[in-house]
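Chain by chain, the residues run as shown.
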Amino acid sequence: MPATPATRILDAAGVRWVGRAYAHDPSVTAFGLEAAAALGVPAERVFKTLMADADGEIVVAIVPVAGRLDLGALAALFGAKRAVLAERVVAERRTGYVSGGISPLGQRNAHRTAIDATAMSLDTVFVSGGRRGFDVELSPADLVSITRATIGAIGAP
């Protein structure tokens, strides 16, 4: 498995995780759905990491790839009036990862993080391991603990 800032954080924390690599198709832009199909797991267990601007603060939102981020719910969760998706260049610069491989773990800068509450009903979830074509599987409790995430209903179908 590739060593990335995300896997180094997991190892340093003593978290049990499993790396799952797959062949990324460069023509695909629905990275999370590609991961679910390639790994043979339900899309409800694969979560995407999105960067948003909540009243001028860059925050992280982790939601199932099968749905979308409810920006209003994210703003409310963080006590902001409004949230919008961060520009790609901002997300890449703030995290140190390339779009499609942005992990919620091991980001260059610390950000407040929210994870959709649906994750908590699952035994394990998949998130980007820090590269396109590489996900890590871990317990949602460990993901919340390492990211210091707030749990909330931020996903929408």
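Nothing here was measured: the structure is a model prediction, and the numbers come from that model.

A few words now on the nonpolar core. Residues Ile62, Leu105, Ile115, Val127, Val136, Leu138 and Leu143 are the most contacted members of the largest nonpolar core, which totals 23 residues. Only α1 (5–13), β2 (47–54), β3 (57–64), β7 (125–131), β8 (134–138) and α5 (140–147) provide two or more residues apiece to this core. Once you skip the residues sitting within four places of it in the chain, Ile115 turns out to touch Ile62, Leu143, Val144, Ala149, Thr150, Ile151, Gly152 and Ile154. In terms of nonpolar packing, the next biggest core, distinct from the first, is built from 13 residues, Val59, Ala61, Phe78 and Ala114 among them.

The subject of this paragraph is α1. Turning to α1, its buried residues number three or more, namely Ala6, Thr7 and Leu10. With its buried residues spanning 95° around the axis, α1 presents them on a single face. Looking at the buried residues of α1, the elements they touch are β7, β8 and α5. Backbone geometry just downstream of α1 places Gly14 in the positive-phi region, at approximately 70°.

What follows covers the pattern of salt bridges. For the structure on display, the rule yields 3 salt bridges. A salt bridge links Glu57 to Arg112, with the shortest nitrogen-to-oxygen separation between them at 2.7 Å. Here the residue Glu57 occupies a position in strand β3, and Arg112 occupies one in the loop between α4 (88–95) and β6 (113–116), the gap between them amounting to 55 residues. Owing to a relative accessible area of 39%, Arg112 belongs among the partly exposed residues under this scheme. Between Glu92 and Arg88 there is a salt bridge, with its nearest N and O atoms 3.3 Å apart. Separated by 4 residues within a single helix, Glu92 and Arg88 lie in helix α4, roughly one turn from each other.

Turning next to helix α2 (residues 31–39). All buried positions along α2 are accounted for by Gly32, Glu34, Ala35, Ala36 and Leu39. On the buried face of α2, the contacting elements are β1 (18–21), β7 and β8. Directly after α2, the chain includes Gly40, whose backbone phi takes a positive value near 70°.

Definitions and limits used
Residues numbered from 1 in each chain as written. Predicted model: local features only at pLDDT ≥ 70, side-chain atom pairs only at ≥ 80, totals over all residues. Heavy atoms only, no water. Core = buried A, V, L, I, M, F, W, Y, C linked by side-chain atoms within 4.5 Å. Buried < 20%, exposed > 50% of the residue type's maximum accessible area, 1.4 Å probe, protein only. Helix = DSSP H or I, 4+ residues; strand = E, 2+ residues; numbered from the N terminus. Contact = heavy atoms within 4.5 Å. Arc of directions from axis to C-beta. Salt bridge = Lys/Arg side-chain N within 4 Å of Asp/Glu carboxyl O.

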